[in-house]
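# Architecture at a glance
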Amino acid sequence: MENNQLALSVKNLTVELNKQKIIEDLSFEIKKGETLVVLGPDGAGKTTLLRALLGIIPYSGEIVWSVKNTSYLPPNELMQRKEILPLTVGDFYSLKEITKNRVLESLGSVGLEQNLFKKRIAHLSTGQFQRLSIAWALVDKPDTLLFDEPTSGIDIGGTETIYSLLHDFWVKYKLTIILVTHDLSIVWEHADNVLCLNKKGLCYGVPEKALTTENLRELYGVGVKYYHHKR
Amino acid sequence: MMDEKLLLAMLMTVSIGAVAGYLGTLMLSKRMSLVGGPLGHLTLPGIAIALIYGFDVSIGAFAMLVLAIIVIWLFEKRTKLPIETLTAIVFTSSVAVAFLFLPAEEVEMALIGDISQLTLSSTILSVSLSILAFIVVKTIYKKIVFSAISEDLAKSENIKVDRINLIYLLAVALVIGLGIRIVGSLLTAAIVSIPAATSRNLSINMKQYAYGGIIAGGLAGMLGIIIYQLFAIPAGPAVIISSAGLFLLSVAFRRT
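All values reported here derive from a predicted model rather than from experimental measurement.

Before going further, it helps to examine the overall build of chain B. Looking only at helices and strands, chain B has 12 helices and 0 strands in total. The secondary structure elements of chain B, listed N-terminal to C-terminal, are α-α-α-α-α-α-α-α-α-α-α-α. In terms of overall dimensions, chain B is globule-like: its C-alpha atoms have a radius of gyration of 18 Å, near the 18 Å expected for 256 residues. Viewed in the frame of its principal axes, chain B has a C-alpha envelope of about 55 × 45 × 30 Å. Buried positions account for 52% of the 256 residues belonging to chain B. Restricting to contacts in chain B with at least 6 residues of sequence separation, those with at least 24 account for 75%.

What follows is the structure in structure tokens.
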């Protein structure tokens, strides 16, 4: 293993919130340019893992980033808040102190019209907003993207678009991506490695080896009946 | 010709109203508009002590607010109970305690404010503190908006959310402490909530929204003092009725 190629190394990570262990003794690594999909049922600690990786909650164990510039997109939280303030697309970017030219460039990169600059975020469609979030997360040219349930609440067509956009950026900028989802189908198309999380790490490795029927049963319980291997 | 007392009242009310409207736009974005009410009420023990010992009511109020906000902030960190619940606990206790010793003849003044005894020095102090509050709010404005959208997102962008929230709460304390001079402890929710709502109806982006709060708050203050002078009704209620009038207009002409 070429250690200088590592983007992130996590050793014996334990996160305790309100005296409850949310994540227990988790270890894994991500190489630069790799896509890691973190898979697990609701309440498995996936979002908590991202928050620990970002250093915004206390944890024990070791988290070592070898890359500096990470960008994070939380799950749908933005959607819930967008009605309160008369925030325009331009205002949204201004939170990151980005110049107007770069904003327009950023909008173009995800196929959004430049005239959306003055449009209220509340008036965007779900699909437009999701494209905007991706563009917004990538406007600082981060080397790593942490993405939490990017397609929750979006229909199948929209989901495809989001992942093909992400894939394009991944190819173009050699991004390291950590993607949290409960959607198994993502794994086969996009993951280099998969981490099954349900409080503990239940499986870790390339999808073909890690996602055995036994592991999936352990991860999701007995409910996974419609699981198909694509290839 | 405007007499000196009226001019002082106008200056003070407009500046406090304007900064309260500006801060109110942030409070609305954090869904904290109503918190202005309880925070006003909990100043009562401070006002009562100030009235008994004869010092400026704003000083008593502000001291009480800082104490209460620190207590609420610490409780929030420790218990993770919603701030509004903690505020309810602290403010009702304060009001209860205040009525143990608030002089009966001062009750009205404490509850709805009194600007008839203004002096030049107290006006200068109020205006300066309003400007200070404005600068503080302007400095943290975007960061608060960011954390209102998503606290995790703000933290991931290296914004020290806890620290910014504490500064924000101290700004709230300062503005409420100033506000009770005009509207008393009963009506403070109005000066932070109504202008922000008015501005929200009329603005189509964040800048208009923020500065709209200033204009709506300042204008309500000015109209209130004119009404106070013309019809001899207490200034506090006059300011708030003006503000409510502006809000109704904004409903009719809303752009969002």
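Back to the text.
Let us look at the environment of His190(A). Residues and elements named next belong to chain A. Inspection of the secondary structure assignment puts histidine 190 in helix α7 (residues 184–190). A count of 18 C-beta atoms within 10 Å places histidine 190 in the partly exposed class. Setting aside residues up to four positions removed in sequence, histidine 190 forms contacts with Thr35, Val37, Tyr163 and His167.

Our next topic: the interface of chain A and chain B. Facing the 16 residues of chain A at the interface are 18 residues of chain B. The dominant element in the side of chain A that touches chain B, judged by the number of residues it contributes, is helix α2 (residues 77–81) of chain A, at 3 residues. Its residues placed into classes, the side of chain A that touches chain B shows 10 nonpolar, 1 polar and 5 charged.

Ranked by size, the top nonpolar core spans 140 residues in total, and within it Val37(A), Val38(A), Leu23(B), Leu65(B), Val172(B) and Val175(B) carry the most contacts. With 13 residues, helix α1 (residues 4–29) of chain B is the single largest residue contributor to this core. Here this core gathers at least three residues from each of two domains, domain 1 (1–69 + 154–231) and domain 2 (78–141) of chain A. Ignoring anything within four residues of it in the chain, the contact list for Val38(A) reads Lys46(A), Leu49(A), Ile178(A), Leu179(A), Val180(A), Leu195(A) and Leu197(A).

What follows deals with the sheet that holds strand β9 (residues 200–205) of chain A. Residue and element names in this part refer to chain A. Spatially, the 6 strands line up as an open sheet ordered β5-β6-β7-β3-β8-β9, and their pairing is mixed. The sheet is open, and its two borders are formed by β5 (70–73) and β9, each paired with just one other strand. Across the sheet, the mean angle separating the axes of adjacent strands is 15° when strand polarity is ignored. Of the pairings in the sheet, the one linking strand β3 (residues 35–39) to strand β8 (residues 193–198) comprises 4 bridges and is parallel in character.

Residues and elements named next belong to chain A. Little of strand β4 (residues 60–65) is tucked away: 0 of the 6 residues are buried. Of the pairings in the sheet, the one linking strand β1 (residues 6–17) to β4 comprises 5 bridges and is antiparallel in character. Note on β4: the bridge partner recorded for leucine 8 is tryptophan 65.

Now for the confidence of the model for chain A. In this model, chain A carries a mean pLDDT of 83, and residues with pLDDT of at least 70 account for 89%. Of all helices and strands in chain A, the one with the weakest mean pLDDT is α2(A) (55), whereas β4(A) scores best (93).

So, about α1(B). Counted at 1.5 Å a residue, the expected span for α1(B) with its 26 residues is 38 Å, and the 38 Å between its end C-alpha atoms agrees. Burial runs high along α1(B): 20 of the 26 residues are buried.

So, about the sheet that holds β1(A). Strands belonging to one sheet form pairs held by backbone hydrogen bonds; the direction of such a pair is parallel or antiparallel. Residues and elements named next belong to chain A. Taken together, the 3 strands give an open sheet; going across it, the order is β2-β1-β4, and neighbouring strands pair in antiparallel fashion. On the outer flanks of this sheet lie β2 (20–31) and β4, each paired with one strand and no other. In this sheet, neighbouring strand axes are inclined to one another by 15° on average, regardless of whether the strands run parallel or antiparallel. In this fold helix α1 (residues 46–53) packs onto β1, β2 and β4, with an angle of close to 65° to the strand it touches most, β2.

Attention shifts here to unusual backbone geometry. All names here are of chain A. For lysine 19, which is not glycine, the phi dihedral falls at a positive 60°. Judged by local crowding, lysine 19 falls into the exposed class, with 5 C-beta atoms found within 10 Å. Unlike most non-glycine residues, lysine 199 shows phi in positive territory, near 70°.

Turning our attention to the packing of helix α9 (residues 161–183) of chain B against helix α10 (residues 188–202) of chain B. All names here are of chain B. Across the interface, α9 lies against α10 with an axial gap of 8 Å and an inter-helix angle of 110°. Taken together, the axes of α9 and α10 lie roughly perpendicular to each other. Contacts from Val175, Ile176, Gly179, Ile180 and Val183 of α9 reach α10 at Thr188, Ala190, Ile191 and Val192. When grouped by side-chain class, the residues that make up the contact of α9 with α10 number 7 nonpolar, 2 polar and no charged.

Glancing now at the domain arrangement of chain A. Residues and elements named next belong to chain A. Assigned domains of chain A: these are domain 1 (1–69 + 154–231) and domain 2 (78–141). The centre of domain 1, based on its C-alpha atoms, is set 27 Å off from the matching centre of domain 2. At the interface, 8 residues of domain 1 touch 8 residues of domain 2. Of the residues that constitute the side of domain 1 that touches domain 2, the class distribution is 5 nonpolar, 3 polar and no charged.

So, about the confidence of the model for chain B. Caution applies to low-pLDDT parts of the model: their predicted coordinates are not meant to be read in detail. Confidence along chain B averages 90 in pLDDT terms, with 99% of residues attaining 70 or more. The ipTM for the predicted assembly is 0.80, set against a pTM of 0.85.

Definitions and cut-offs
Residues numbered from 1 in each chain as written. Chains lettered and ligands numbered in written order. Predicted model: local features only at pLDDT ≥ 70, side-chain atom pairs only at ≥ 80, totals over all residues. Helix = DSSP H or I, 4+ residues; strand = E, 2+ residues; numbered from the N terminus. Rg over C-alpha atoms; globule rule 2.2 N^0.38 Å. Buried ≥ 20, exposed ≤ 12 C-beta atoms within 10 Å, placed from the backbone. Contact = placed C-beta atoms within 7 Å. Nonpolar A, V, L, I, M, F, W, Y, C, P; charged D, E, K, R; others polar. Core = buried A, V, L, I, M, F, W, Y, C linked by C-beta atoms within 7 Å. Domains from an automatic or database assignment. Pairing = 2+ DSSP bridges. Axes fitted to C-alpha atoms, helices over the stretch in contact; angles between N-to-C directions. pLDDT = per-residue confidence, 0-100. Expected span 1.5 Å × (residues − 1). Parallel < 35°, antiparallel > 145°, perpendicular 65-115°, else oblique.

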